[in-house]
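Close look at the chain arrangement
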Amino acid sequence: MPSGLPLDGVPAIFEYIPYRKSDMVRARDERNHPWLAQNGYVSLRVDMRGSGDSDGVMPDMYSQEELDDARAVIDWIAAQDWCNGHVGMFGTSWGGTASLQACLDPPPALKTIIAVCATHDRYEDDIHHMGGCLITDTLEWGATMPSVLALPPTPHSGHDWFARWTERLETLSFPVETWVREEARGAYWRHGSIKEQTHRIGCPVLAVGGWADRYSNSVMSLVDACPENVWGIVGPWGHHYPDHGHPGPAMGFQHVALEWWDQWLKPTDPGEPDWPKLRVWMREFETPENAIDLRAGAWVQSGPAGQETEAREFWLGDRATLTQTKPDESLAWTVPSDLRHGMAAGDTGYFGRFGGLPLEQSEDDARALCFDSAPLSADMKLYGAAGLTLTVAAQARRSHICVRLNDVSPDGVSSRVSLAVVNLALDDALDAPDEPHDGGPRQITVKFPTNAYRFKAGHRLRVSVATSYWPIVWTPPQIGSVEISEGTLRLPVLPHGPMALDTPLPDAAAMPQTACFDVLSAPRLQREQKTEDNGEIITGWHQPLSSVRYNDIETVFSYETRAEHRIHPDDPCSAVSVFNHEMTLDRPDGQASVTSRLRTTSDPDAYHLAFDFQVSWSGEMIFERQWTQSIARRFS
């Protein structure tokens with residue numbers, strides 16, 4: 001037993017991710033694990049099978065072996081002399097989702113979890129698809145994930161580290177092929193998604209998200225689905241641990257987490273915590289910018305959103321209006337088809353990139369079919385998931401409907417509140433249909449992600465409808481005529497003013513108190529957009545070389561990423577996405593370098609992927625793979 005621990009052990013908490021405990025995200029780990037150890041817990045970081053210093057192979061995300069390994073680790077921890085048999089699990093992104101998966105029919109020792117920026121729906125609310133449409137973040141992650149797994153084990157993992165590394169490289173997987181191929185929800189994406197299994201959540205869950213991160217949809221949804229076991233916090237930030245939350249205000253995550261662990265891991269028979277079910281940042285209008293340091297709004301608290309709200313309805317009306325009176329006559333509209341729609345989108349907030357917030361929306365509104373409400377006579381507080389029901393007729397079976405809900409200020413500034421898309425080739429559950437749709441009129445419901453937003457008196461609601469959203473969403477294979485009719489917008493609203501927090505959330509604190517690392521380079525991400533002489537539009541971004549040095553192991557970890565999206569506005573099949581990614585480890589015994597390049601194009605029948613992947617050690621190439629793959633487009 002480690003010295004200084006009680007004879008009967010203490011609770012243990014572990015984080016389970018593939019991002020290398022010894023270097024890659026160690027600077028982030030140093031903010032959490034030492035703090036937990038200082039406050040009476042054994043805290044562990046575990047490299048997943050096939051990553052970092054662990055053995056084995058990782059065939060894909062959330063494989064059954066990965067889920068089984070998590071349970072084996074929990075059982076192992078609980079059996080150690082230094083543990084009292086009470087185990088907690090936490091993580092952000094992949095680690096948060098792994099924690100959610102472990103809490104389904106959990107091992108007896110797993111008493112509670114904290115899931116940050118995690119998804120409960122791998123298909124709809126992850127990094128791969130949105131409304132049944134392929135998103136280009138899939139391709140970025142497809143180039144990045146193999147790079148992470150291809151970095152070498154550390155020398156202290158064993159004298160045979162190099163042999164184990166080369167063996168891992170020979171079995172390295174590139175699951176982006178599967179992610180693109182699995183166009184509909186299906187069994188592949190249901191595996192590991194807890195959305196339809198919330199009745200199996202067997203321990204208390206603290207779900208934490210941020211409105212600038214699309215993963216945040218899981219927080220309110222889980223609290224509503226399982227209020228007896230789930231508590232939620234949603235702040236204004238993106239894909240980050242909340243103590244480094246941006247946009248701010250950030251939150252003292254470590255202090256909130258410690259209060260949670262003390263509640264559930266230390267008492268023999270813990271009672272119900274004196275916490276509101278939901279604590280969320282209620283946003284409000286602000287002038288759109290690529291990056292905002294502090295968002296407008298305020299913290300509020302409530303019970304489950306579904307128990308607190310009432311429905312408010314608006315109808316699509318004549319003369320491009322959004323009216324609270326149902327039209328007496330049938331109306332129909334043709335949706336514009338403009339492949340430039342989406343150029344004011346920003347990006348989706350994945351990976352915690354700096355900036356990328358939605359820009360002023362007027363240019364995209366001009367490329368869409370828009371419906372405006374009258375100026376609101378009083379504030380209206382959206383709280384939950386809005387939905388837009390439409391009757392749709394599409395000339396092309398594989399068409400998209402892309403809908404934005406905007407807040408328009410009295411002086412005409414248009415700010416995006418929410419975004420939703422639907423692939424009309426799929427059925428209402430986003431599964432493969434039993435029979436192909438004939439394109440005739442059908443009713444669909446476009447469900448927006450959950451939200452908390454105050455529309456101010458004097459502002460107008462705007463619903464904007466289009467048929468594409470490049471470069472976030474891959475283009476449909478052809479742009480045909482799409483008509484809509486009989487549209488109804490349903491908003492869950494708080495009938496009374498939201499309650500301010502009974503107890504303020506703690507401010508973020510500077511951690512760690514003593515750093516074992518030096519940040520050598522951390523340049524801001526750079527974005528660009530331009531139009532070539534031939535009309536082709538190029539958008540993209542570049543994360544310049546970023547480096548951190550871990551002094552105790554004399555190791556420098558560096559990475560650089562570049563993204564470029566091209567399209568000609570007259571041709572949906574002219575779309576091109578290219579991601580270039582490089583990671584290096586400079587160690588006393590040598591330098592490991594991994595570079596990957598993924599180029600994606602498409603035609604009406606297939607996606608075409610071209611991958612170039614190289615790994616070197618001290619300047620010598622030790623692994624190389626180039627391949628091209630054509631993947632049939634059945635629905636997207």
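Residues numbered from 1 in each chain as written. Predicted model: local features only at pLDDT ≥ 70, side-chain atom pairs only at ≥ 80, totals over all residues. Heavy atoms only, no water.

**A few points about the overall build of the chain**
- Counting secondary structure elements, the chain contains 12 helices and 29 strands.
- Over its C-alpha trace the chain gives a radius of gyration of 25 Å, about what one expects of a compact globule, namely 26 Å for 636 residues.
- When burial is assessed residue by residue, the chain has 61% of its 636 residues classed as buried.
- Considering only contacts within the chain whose residues lie at least 6 apart along the sequence, 73% involve residues at least 24 apart.
- Looking at charge distribution, the chain has the averaged site of its 53 positive side-chain charges lying 2 Å from that of its 87 negative ones. (Helix = DSSP H or I, 4+ residues; strand = E, 2+ residues; numbered from the N terminus. Rg over C-alpha atoms; globule rule 2.2 N^0.38 Å. Buried < 20%, exposed > 50% of the residue type's maximum accessible area, 1.4 Å probe, protein only. Contact = heavy atoms within 4.5 Å. Lys, Arg positive; Asp, Glu negative; His and termini not counted. Charge placed at Lys NZ, Arg CZ, Asp CG, Glu CD.)

**With respect to the nonpolar core**
- In terms of nonpolar packing, the biggest core is built from 141 residues, with F14, M89, I114, W261 and Y383 touching the most fellow members.
- Residue contributions to this core peak at 8 residues, all from helix 10 (residues 253–265).
- Ignoring anything within four residues of it in the chain, the contact list for F14 reads L44, V46, A70, V73, I74, I77, V87, G88, M89 and F90.
- Among the nonpolar cores identified, the runner-up in size contains 38 residues, and L376, A420, L424 and I484 belong to it. (Core = buried A, V, L, I, M, F, W, Y, C linked by side-chain atoms within 4.5 Å.)

**As for the side chain of E284**
- Its place among the elements puts E284 in strand 9 (residues 278–284).
- A distance of 2.8 Å separates a polar atom in the side chain of E284 from a polar atom in the side chain of R454. (Polar contact = N/O pair within 3.5 Å; in protein donor to acceptor, adjacent residues only side chain to side chain.)

**Some points on the packing of helix 3 (residues 64–79) against helix 4 (residues 94–102)**
- Packing of helix 3 against helix 4 leaves a shortest axis separation of 10 Å and a crossing angle of 75°. Here helix 3 lies roughly perpendicular to helix 4, going by the angle between them. Listed contacts from helix 4 to E66, L67, R71 and I74 of helix 3 are W94, Q101 and A102.
- Among the residues making up the contact of helix 3 with helix 4, the classes are represented as 4 nonpolar, 1 polar and 2 charged. (Axes fitted to C-alpha atoms, helices over the stretch in contact; angles between N-to-C directions. Parallel < 35°, antiparallel > 145°, perpendicular 65-115°, else oblique. Nonpolar A, V, L, I, M, F, W, Y, C, P; charged D, E, K, R; others polar.)

**Looking at the side chain of K277**
- Here K277 shows up in the loop between helix 10 and strand 9.
- Despite its burial, K277 pairs with no opposite charge, the nearest such side chain being E272 at 4.6 Å. (Salt bridge = Lys/Arg side-chain N within 4 Å of Asp/Glu carboxyl O.)

**A closer look at the pairing of strand 10 (residues 297–302)**
- Relative to strand 10, strand 9 runs antiparallel, the two being bridged by 6 bridges. Paired with R279 across the strands is Q301, a residue of strand 10.
- As defined by bridge partners, strand 10 adjoins strand 21 (residues 499–500) across 2 bridges and the pair is classed as antiparallel. Paired with V300 across the bridge in strand 21 is A500. (Pairing = 2+ DSSP bridges.)

**Some remarks on the environment of A184**
- Tracing the sequence through the fold places A184 in the loop between helix 7 (176–181) and helix 8 (186–190).
- Each C-alpha atom of the pair A184 and D427 lies 9.2 Å from the other, and the pair is 243 residues apart in sequence.
- In contact with A184, not counting residues within four places along its chain, are Y123, W189, L426, L430, D431 and A432.

**What to know about the environment of L609**
- Note on placement: L609 falls in strand 28 (residues 606–617).
- The class for L609 is buried, based on a relative accessible area of 2%.
- For L609 and V300, which are 309 residues apart along the polypeptide, the C-alpha to C-alpha distance reads 46 Å.
- Residues contacting L609, with those up to four places away along its chain left out, are V176, V180, L598, R599, T600, W627, T628, Q629 and I631.

**A look at the pattern of salt bridges**
- Scanning the entire structure with this criterion turns up 41 salt bridges.
- When the shortest N-O distance is used, the salt bridge between D55 and R164 registers 3.1 Å. Of this pair, D55 sits in the loop between strand 2 (42–47) and helix 3 while R164 sits in helix 6 (residues 161–170); the two residues are 109 residues apart in sequence, bridging distant segments of the chain.
- Salt bridges sharing partners connect three or more residues here, namely K21, D29, R45, D47 and D53.

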